[in-house]
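# A look at the structure
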Amino acid sequence: MPLIYVNDVPQQFENPCKTWGDLLNILDKRASDAGVILSAARFDGVDEPSFRAAAVIARSLADVHRVDVDTALPTAFLRECLLEAIPPLHETALSAKRLSAVFRAHDVTPGHD
């Protein structure tokens, strides 16, 4: 079983986990008991942004040497997610505004392009 760290603190487990899904269930329970949520996961130093996706959950831990997990308070995590969403949403709104101006013009060909 790989070395497991939560917020850079080494973790101990009674039984080795064979898959990331098995380990994730244990880590989720521990986090819930502490009033936090898992916010990020890395396998051997590589970020895994989709760590809850079915394909990742089925991943064997046999070839993984180290798993790092970060936790966050739910409200802090939500705030961070919303703040990260603002710039792309703003850019999308500006693009929609520019495109709507094109479609209100006499020649809409540039809007189709």
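Each chain carries its own residue numbering, running from 1 in the direction its sequence is written. Residues qualify for local features only when their pLDDT is at least 70, as the model is predicted, and side-chain atom pairs are given and counted only at 80 or more; totals for whole chains, interfaces and linings, by contrast, use all residues. Here the side-chain values reflect all heavy atoms present in the structure, with hydrogen atoms and water set aside.

### A look at the environment of Val64
As for its placement among the helices and strands, Val64 is situated in the loop between helix 2 (54-57) and strand 5 (66-72). Distance from Val64 to Phe43, taken between C-alpha atoms, is 6.6 Å for residues 21 residues apart in sequence. Secondary structure elements follow DSSP: runs of H or I of four or more residues count as helices, runs of E of two or more count as strands, with numbering from the N terminus.

### Quick word on the sheet that holds strand 2 (residues 9-10)
Strands sit in the order 2-1-5-3-4 across an open sheet of five strands; the sheet is mixed. Among the strands making up the open sheet, the edge pair consists of strand 2 and strand 4 (46-47). By definition, two strands form a pair when at least two bridges between them are found by DSSP.

### Examining the pattern of salt bridges
Basic side-chain nitrogens of Lys or Arg form a salt bridge, by our definition, when they fall within 4 Å of a carboxyl oxygen of Asp or Glu. The final tally for this structure, using the stated rule, is five salt bridges. A salt bridge links Asp28 to Arg52; its shortest N-O distance comes to 2.8 Å. Here Asp28, found in helix 1 (residues 20-34), pairs with Arg52, found in the loop between strand 4 and helix 2; they are 24 residues apart in sequence, far enough to count as distant. Relative accessibility decides the category of a residue: with a 1.4 Å probe and only protein chains considered, values under 20% of the type maximum give buried, values over 50% give exposed, and everything between is partly exposed. In this structure Arg52 comes out as partly exposed when scored by relative accessible area, which is 42%. Among the salt bridges present, the one from Asp33 reaches Lys29, with a minimum N-O distance of 2.9 Å. In this pair, Asp33 and Lys29 are both assigned in helix 1, four residues apart and thus about one turn of the helix distant.

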